[in-house]
Amino acid sequence: MTTDNIKPIPQFSAFIQAKCPRCRRGKMFANSTYSLSGQNMYKSCPHCNLSFEREPGYFYVAMFVSYAMNVAEMVTLAVAIAVLTGSDNPWVYVSVLLGSILVLSPFNFRYSRVMLLYWLTPGLHYHPEMSGDMPHKH
Ligand SMILES: [Zn+2]
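Per an unreviewed UniProt entry, the protein is named DUF983 domain-containing protein, and its organism is Mucilaginibacter limnophilus.

Okay, structure coming up:
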C-alpha cells in the first residue's frame, strides 16, 4: 500500500477553513461564515464521518470559548479606539463595541467550535492517512 499521494494538510489552513480536525479534508459547516442562510454545521464529517458533537450538549462548552473570544475582541477594540481616536466619549465605545459584537458573532460562533475541536478536545488528533481519499465501503 502506498501513501505517496497523501500530503499532510497544515493545521493553520485547515483551522482557518473550518475543516474537520481529524482528516482536515471535510468541512465542518455547510455554508460560509456570513452566509444569509445562517450557520449550518454538519453533524459528522462528510469526508471521514467523525461525529463533531462528541457527546450530547458538547457545544455548550463552545459558548465559554466564544465568551472568551468576545472579551478579547472587545478589549482589543477598546484599546484600538482609544489609541486611534483618543476619544473619551463613552458613546463612541458603546456603539463601536455593540456593532462589532453583531458583526463578529457568526465568526465567534464558528471559530469557538473549531477551537473547541482542535485544541480543547482530548484524544481528537489529525490522522493524515484519513485526509487521502477514503476507501468506499458499501
Ligand atoms: Zn473528517
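Don't stop here, the text continues.
Before going further, it helps to examine the UniProt feature "transmembrane region" (unreviewed entry) in the protein. Here, UniProt's "transmembrane region" (unreviewed entry) annotation points to residues 58-84 and 90-109. Helix makes up 93% of residues 58-84 and strand 0%. Its end C-alpha atoms lie 40 Å apart. Between the end C-alpha atoms of residues 90-109 there is a gap of 27 Å, over a span that is 100% helix and 0% strand.

Turning our eyes to something else, we now look at helix H2 (residues 60-85). Its 26 residues give H2 an end-to-end C-alpha distance of 37 Å, which sits within 8% of 38 Å, the value for a rise of 1.5 Å per residue. Directly after H2, the chain includes glycine 86, whose backbone phi takes a positive value near 65°.

Relative to the 44 Å expected for 30 residues at 1.5 Å per residue, helix H3 (residues 90-119) spans just 36 Å between its end C-alpha atoms, considerably shorter than the ideal helical length. Taking the largest bend as the criterion, H3 deviates by roughly 50°, centred on leucine 104, and proline proline 106 comes between one and four positions later. Where H3 is buried, its residues touch helix H1 (11-16) and H2.

Definitions and cut-offs
- Residues numbered from 1 in each chain as written.
- Predicted model: local features only at pLDDT ≥ 70, side-chain atom pairs only at ≥ 80, totals over all residues.
- UniProt positions renumbered as here; feature names shortened; annotations may be inferred.
- Helix = DSSP H or I, 4+ residues; strand = E, 2+ residues; numbered from the N terminus.
- Expected span 1.5 Å × (residues − 1).
- Bend = angle between axes of the 7 residues up to and from the residue.
- Contact = placed C-beta atoms within 7 Å.

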